Amino acid sequence: MKIDVELKNVTKKYGEIVAVDDVSFAVERGQFFSLLGPSGCGKTTTLRMISGFETPTEGEIFIEGKPMTNVPPFKRPTNLVFQNLALFPHMNVFDNIAFGLRIKKVPENEIQKRVKEMLELVRLPGYEKRKISQLSGGEKQRIAIVRALVNRPAVLLLDEPLGPLDLKLREEMIVELKRIKREVGTTFIYVTHDQGEALTMSDKIVVMNKGKVVQIGTPMEIYEKPKSKFVADFIGGTNFFEGKYTDGAVEVDGLGKISIESGAHVSKKTLLLSVKPEKICIGKKLKKVDNIFDGKVTESFYQGRAITYKVLLENDSLITVVAPSYGMERVFGIGEKVKVGWNKEDARVIT
Amino acid sequence: MKKTNILWSIVVIFAIILAFSPITILFLLSLNDSPALPLKNFPTTKWYEALFQFPGAMESIVNSLMVAGVTTLVAVVLGICGGYALVRTRFVGKSFFTGLLLMPMVVPYIIMGISLLSFLLRLGMEPSLITIIIGHILLAIPYATLVLTSRFIGFNISLEEAAMDLGADRLTTFRKITLPLIMPGIITAAILSFIISWEDVAMAVLLAGSQQTAPVFMFSLVTKLPKFVPILTAMSTIMFAFAIVLAILMRKAERFSIS
Amino acid sequence: MNPREKEASQSPKTKKIELRGILLVVPTYLWLIVTFLIPVISVLMLSFAELHPVTKNIVSFPTMNNYLTLFTNLDYVVVLLRTLLLTVAVTISSVGLAYAVAYFITFKILKNKYTILLAFQAPYIASYMMVLLAWRLLLGRSGVINSLLMSMGLTSGPIELLGYNAFSVWLVLTATWFPWLILPIFVSLEKIDRSLLEASQDLGASPFTTFLKVTFPLSLPGVFVAILFVFIPTIGEFVAPAVVGGTTGLMFGNLIYDFFLKGFRWDIGSAFAVCLLCIVILAVLVLFRKIGFEKLMESL
């Protein structure tokens, strides 16, 4: 596989503050690659270094194998979709999309053709003469995306472009983005703080926290096999259990043994377990489950597709359980005694 | 309730008379046989004819145009630089600079004028149109800079970054993005600078040599040769008409640049 | 703290930005320093010197003689007092009239407020000199107003008050300035939340009390800006007195003008200018203290 973008030990400091700390990763050609993390984690700074608006304090950036660290933004084969879209208000849709091509002195009839193709790609044919102020939020997003794409960049960079949209429009745009990605095949690097967006769209995700890369992997790996407490909690939320390891199980104070998958764990060592809320079953009686505990429902939220419970266990720890509403005989009431349980492969050991 | 309405009407009508009647009467008198009421032999163009014959009158209008033109050009360029620097960059002594920039706005013209005059004379400069231009630029700089500063504050920097990301170098970005977007500010600054120079009597009277701007020409005639005052009624009417045409043109340009 | 704030003076990029900033302000800086700061400071120095009337070389320094000349000559003191009186009178009358018109436009007019506002600025597209010329013709012993009154038989002789004198200067300056002051006052009146006025009336205040206790205090920023707008040019005025002031309406600015352009006594003129500047600075400081610099800039 060809590598399109590579960061080698990139660090960015603003005075004393380290915004990006020794970040390395490689993006393969044609990937939908996401930088995911809470606000202030350094993901936008990383993106701005790839696009050339910030220069790394240390480390190097390669795009298509060429060193790019000191190349100005207008000479890089990347194009950026800005967080606030940054569509030029004094130009119409056509002039906005044609801007990059005109700079490159592409012949005018070629420009006409490519802009038309692009507007068809985002299903806005005939929008050439519209003013930017006449576009709806979703239309602006699409124009901003094709204004970057029309230049056929090696890499398309997207800086939380769906942020200001409402939920329904955002879901629409996620589908739209995936379709555009499929049709053009360009490498996408997508910055977001929304784990849902990242999981849905990405081929690969880099999770960042406090300027550092904490995990790189496919959405499934990130979700199912978090390597740290931060990732386990940030992606979808989780329940933690801490206890000492003794042959095939973890002994949690006041709760008892939680059996886990066999692995090379050292006896008597304290382990942290993560159990995702939707991996936990809840019921009056549970069968065929490896770990079963008693608990009391303290809160329940009916959410249509699922029901979320807060369950108090015997060791006074509160866990979150998400049960599908499908096949449920009823919603458990507050104060009701229940049993909760999960299989041993669903309790992930976090090292 | 009715009583207060009558009171309001009186105050407002008084204000309107105070504001509008002088120039209306001036306009009527410029078409009258003599600068007095009641009207006699009305309308006549004899003062307008006399104006074109009168030595120095038309030259002074041309001088005014030149002075205001140069002042506008320099003040707007300096205003763009200053506004950009104040909003987009940091430099040592920014607050000192801002203070210095605002100071000419609160110092009476007479003080700035005589200070500048004595200073320029000491440097060996003779009073001329150039000294007037120097003074007018000083008057216009704070206004031009303030107008453009507020325009730059409202400017979204990612628009420039977007242009650079799409392949435009700094110069192209400035030409195609920055300049068009601050154009309304530039036009407002230009109108302000032009008016400041075009209208000014005090600074120009202090700094003028043998070449005079129109207001200086009028001032010296009024105070020294009162019998030629009727000619000035014609002159100021022409200048008024010119200023109105200019104002309309600039308004049009402003609207054009916004759309 | 914003990481970019922290960037200050550290990375090479910031140094570049700083250099660019300095390069961009250098022309303006130079202009302000060479044509404003240095000349004003040199006038300040000059006011403590005695110059040779012809060669303009410094004869003695420092000396208080120039200031003594001002304060020991009764004629000069009278002109100074007259100037102060006229300035205060013009400020009060023009701000008052502008306030009335602004209040009327804000609260009594429902449609086309801005057109009316604009219309009041219109006569001054012309020029200051044109307006002064118009008043020159209107006033005077044999001016338009007096001759009209006499021809209509309303008065037997010319009304002296409407000649060229201090009263005329006051009238002309008031008429010239008040239209400019409508806008800042209008802006601060328009900004007042109408529900505050309703709340005041709801709590039992009469319309007049509401004005006194709510509307007026809230419009003060605009009033102070207006005062600044009229006070500074009026106290340094010398053109209007020369045109309509006759011999009894001359102001302090005329004295300074004469010392520099007619008598060529730069040293005495400088002392007079410094006195004027001190009064202006005092007034500006009082106004700034009353309202705060930030708020004043906001309403500018």
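Residues numbered from 1 in each chain as written. Chains lettered and ligands numbered in written order. Predicted model: local features only at pLDDT ≥ 70, side-chain atom pairs only at ≥ 80, totals over all residues. Heavy atoms only, no water.

### Some thoughts on the overall build of chain B
We apply this condition: Secondary structure is summarised from DSSP: a helix means a run of H or I of at least four residues, a strand means a run of E of at least two, and numbering begins at the N terminus for each. Our radius of gyration looks at C-alpha atoms and nothing else; its globule reference is 2.2 Å times the residue count to the power 0.38. Partly exposed residues are those whose accessible area sits between 20% and 50% of the maximum for their type, while under 20% is buried and over 50% is exposed, using a 1.4 Å probe and protein chains only. Any two residues having at least one pair of non-hydrogen atoms within 4.5 Å are treated as being in contact. Residue-level accessible areas treat just the shown protein chains as cover; the underlying method is Shrake-Rupley with a 1.4 Å probe. Only four residue types enter the tally: Lys and Arg on the positive side, Asp and Glu on the negative side; His and the chain ends are excluded. Charge positions are represented by NZ for Lys, CZ for Arg, CG for Asp and CD for Glu.
In terms of regular secondary structure, chain B is built from 11 helices and 0 strands. Along chain B, from the amino end to the carboxyl end, the secondary structure elements read α-α-α-α-α-α-α-α-α-α-α. Here the C-alpha radius of gyration of chain B, 23 Å, is well above what a compact globule of 259 residues would show, namely 18 Å. The buried share among the 259 residues of chain B stands at 54%. For chain B, long-range pairs separated by at least 24 residues make up 71% of all intrachain contacts whose partners lie at least 6 apart in sequence. When the accessible surface of chain B is summed, it comes to about 11300 Å², and 72% of that surface belongs to carbon and sulfur atoms. The distance from the centre of the 17 positive side-chain charges to the centre of the 11 negative ones in chain B is 9 Å.

### A word on the UniProt feature "transmembrane region" (unreviewed entry) in chain B
All names here are of chain B. We apply this condition: UniProt positions are given in the numbering used here, feature names are shortened, and annotations may be inferred rather than shown by experiment.
UniProt annotation of "transmembrane region" (unreviewed entry) refers to residues 7-29, 61-87, 99-121, 127-148, 177-198 and 228-249 when read in the numbering used here. With 100% helix and 0% strand, the stretch residues 7-29 has end C-alpha atoms that lie 32 Å from each other. The span residues 177-198 is 100% helical and 0% strand by assignment, and the distance between its end C-alpha atoms comes to 31 Å.

### Concerning the UniProt feature "domain: ABC transmembrane type-1" (unreviewed entry) in chain B
With numbering matched to this structure, UniProt assigns "domain: ABC transmembrane type-1" (unreviewed entry) to residues 61-250 of chain B. A helix fraction of 81% and a strand fraction of 0% characterise residues 61-250 of chain B, whose end C-alpha atoms lie 20 Å from each other.

### Notes on helix α7 (residues 157-165) of chain B
Counting buried positions along α7(B) gives 8 out of 9 residues, so the element sits mostly inside the fold. Phi for B:Gly167, located one or two positions after α7(B), is positive at around 105°.

### Thoughts on the domain arrangement of chain B
All names here are of chain B. Selection rule: Reported domain spans reflect what an automatic or database domain assignment gives. Here's the idea: put two parts together, see how much 1.4 Å probe accessible area each one loses, and the total over both is what we call buried area. When a carboxyl oxygen of Asp or Glu lies within 4 Å of a side-chain nitrogen of Lys or Arg, that pair is called a salt bridge. For this analysis, a polar contact is any N or O atom pair within 3.5 Å, provided that within protein one partner can donate a hydrogen and the other can accept it, and provided that sequence-adjacent residues contribute only side-chain to side-chain pairs. Classes in brief: Ala, Val, Leu, Ile, Met, Phe, Trp, Tyr, Cys and Pro nonpolar; Asp, Glu, Lys and Arg charged; the others, Gly included, polar.
As far as domains go, chain B holds domain 1 (1-44) and domain 2 (56-258). Distance between the C-alpha centres of domain 1 and domain 2: 32 Å. The partner domain 2 presents 6 residues to the 6 residues of domain 1 that form the contact. When the two sides are added together, the surface that domain 1 and domain 2 hide from each other amounts to roughly 430 Å², 81% of it contributed by carbon and sulfur. Three residues stand out in domain 1 for area buried against domain 2, namely Leu26, Ser30 and Pro35, and they jointly supply 70% of the buried area on that side. There are 0 salt bridges connecting domain 1 and domain 2. Taken together, domain 1 and domain 2 are joined by 0 residue pairs in polar contact (both at pLDDT 80 or more). The residue makeup of the side of domain 1 that touches domain 2, split by class, is 5 nonpolar, 1 polar and no charged.

### Digging into the packing of aromatic side chains
Residues and elements named next belong to chain A. Threshold: Two rings belonging to Phe, Tyr or Trp (six-membered ring only in the last case) form a pair when the distance between their centres is within 6.5 Å. Interplanar angles under 30 degrees mark stacking, angles over 60 mark edge-to-face geometry, and anything in between is tilted.
Following the criterion strictly, the structure yields 35 aromatic pairs over all chains and no others. Arranged with centres 5.2 Å apart and planes meeting at 25°, the rings of phenylalanine 25 and phenylalanine 33 form a pair that is stacked. For phenylalanine 25, a relative accessible area of 5% puts it in the buried group. When its relative accessible area of 0% is taken as the criterion, phenylalanine 33 is described as buried. An angle of 50° between the planes, with centres 5.9 Å apart, marks the rings of tyrosine 309 and phenylalanine 332 as tilted. With tyrosine 309 in strand β17 (residues 306-313) and phenylalanine 332 in the loop between β18 (318-324) and β19 (337-342), this residue pair connects regions lying 23 residues apart in the sequence. Residues tyrosine 309 and phenylalanine 332 agree in their burial class; the two are buried.

### Here's the deal with the nonpolar core
The tendency in soluble globular proteins is for nonpolar side chains to be buried as a group. Rules: Nonpolar cores are built from buried Ala, Val, Leu, Ile, Met, Phe, Trp, Tyr and Cys residues. Side-chain atoms within 4.5 Å join them into one set.
The biggest cluster of nonpolar side chains holds 214 residues, and the ones touching the most others in it are A:Ile189, B:Met235, C:Trp135 and C:Phe178. Tallying contributions element by element places helix α4 (residues 74-108) of chain C first for this core, with 15 residues. Filtering out sequence-adjacent residues up to four positions away, C:Trp135 remains in contact with B:Leu18, B:Pro22, C:Leu171, C:Val172, C:Ala175 and C:Val244. Judged by nonpolar contacts, the second largest core, of 38 residues, contains A:Leu85, A:Leu121, A:Ala144 and A:Ala148.

### Here we look at the pattern of salt bridges
Residues and elements named next belong to chain A. If you walk through the whole model with that rule in mind, you get 28 salt bridges over all chains. A salt bridge links glutamate 176 to arginine 142, with the nearest nitrogen and oxygen atoms 3.5 Å apart. Taken as a pair, glutamate 176 in helix α5 (residues 167-184) and arginine 142 in helix α4 (residues 137-149) lie far apart in primary sequence, 34 residues in all. For glutamate 176, a relative accessible area of 7% puts it in the buried group. The class of arginine 142 is buried, set by a relative accessible area of 14%. Through salt bridges with shared partners, a single ionic network connects Arg123, Arg142, Glu176, Arg179 and Glu183.

### Description of the sheet that holds strand β13 (residues 256-259) of chain A
Backbone hydrogen bonds hold the strands of a sheet together, and the pairing may be parallel or antiparallel. Residues and elements named next belong to chain A. For clarity, the threshold we go by: Strand pairing is assigned whenever DSSP detects at least two bridges linking the two strands. An axis is simply a line fitted to the C-alpha atoms; with a helix, the fit covers only the stretch in contact. Between two such axes, the angle follows the N-to-C directions and lies from 0 to 180 degrees.
Across the sheet, which stays open at both edges, the 5 strands sit in the order β13-β12-β11-β14-β20 with antiparallel pairing between neighbours. Strands with a single pairing partner mark the edges of an open sheet, and in this sheet they are β13 and β20 (347-350). Sheet twist, expressed as the mean angle between neighbouring strand axes with direction ignored, is 45°. Relative to β13, strand β12 (residues 249-252) runs antiparallel, the two being bridged by 4 bridges. Bridge assignment links valine 250 to a residue of β13, and that residue is isoleucine 258.

### Description of the interface of chain B and chain C
Counting residues at the interface gives 76 residues for chain B, matched by 79 residues for chain C. Summing the contributions of chain B and of chain C, the shared interface buries around 7100 Å²; its carbon and sulfur component is 82%. By the criterion of area lost to chain C, the three top residues of chain B are B:Trp8, B:Arg90 and B:Ile110, representing 10% of everything that side buries. In this structure, the connection of chain B to chain C is made through 0 salt bridges. Between chain B and chain C we count 1 residue pair in polar contact (both at pLDDT 80 or more) in total.

### Topic: the packing of helix α3 (residues 65-72) of chain C against α4(C)
The axes of two packed helices give the description: the angle between them and the distance between them. Residues and elements named next belong to chain C. As a reminder, the rule being used: Roughly parallel means an angle under 35 degrees; roughly antiparallel means over 145; roughly perpendicular covers 65 to 115; every other angle is labelled oblique.
Where α3 contacts α4, the two axes come as close as 5 Å, and the packing angle between them is 75°. It follows that α3 is roughly perpendicular to α4 by the angle criterion. From α3, Thr69, Leu70, Phe71 and Thr72 reach across to α4, where they touch Leu74, Tyr76, Val77 and Leu80. Broken down by class, the residue content of the contact of α3 with α4 amounts to 6 nonpolar, 2 polar and no charged.

### Section: the environment of C:Val225
Relative to the helices and strands, C:Val225 is located in helix α10 (residues 207-235). The spatial distance from the C-alpha of C:Val225 to the C-alpha of C:Ile185 is 8.0 Å, given a sequence separation of 40 residues.

### Considerations on the side chain of C:Thr87
Residues and elements named next belong to chain C. Within the secondary structure layout, threonine 87 lies in helix α4. A residue is classified by how much of its surface remains accessible, and threonine 87, at 0% relative accessible area, is buried. In this structure, threonine 87 is in contact with Phe231, Thr234, Ile235 and Met251, ignoring residues within four places of it in sequence.

### A short note on the environment of B:Lys3
Looking at where B:Lys3 falls in the secondary structure, it is placed in helix α1 (residues 2-30). Here the alpha-carbon distance between B:Lys3 and B:Gly124, two residues 121 residues apart in the chain, equals 65 Å.

### Topic: unusual backbone geometry
All names here are of chain A. The phi dihedral of lysine 105 is positive, around 60°, even though this residue is not glycine. Within the fold, lysine 105 resides in the loop between α2 (93-103) and α3 (108-121). Residues other than glycine seldom take positive phi values, yet arginine 152 does so here, at roughly 50°. One can find arginine 152 in the loop between α4 and β7 (155-159). Judged by its relative accessible area of 53%, arginine 152 falls in the exposed class.

### Observations concerning the environment of A:Arg170
Residue and element names in this part refer to chain A. For arginine 170, the position within the fold is in helix α5. Arginine 170 sits in the buried class, given a relative accessible area of 18%. For the pair arginine 170 and glycine 138, spaced 32 residues apart in sequence, the C-alpha separation works out to 8.5 Å. Apart from residues no more than four positions distant in its own chain, arginine 170 is found in contact with Leu162, Gly163, Leu165, Asp194 and Glu197.

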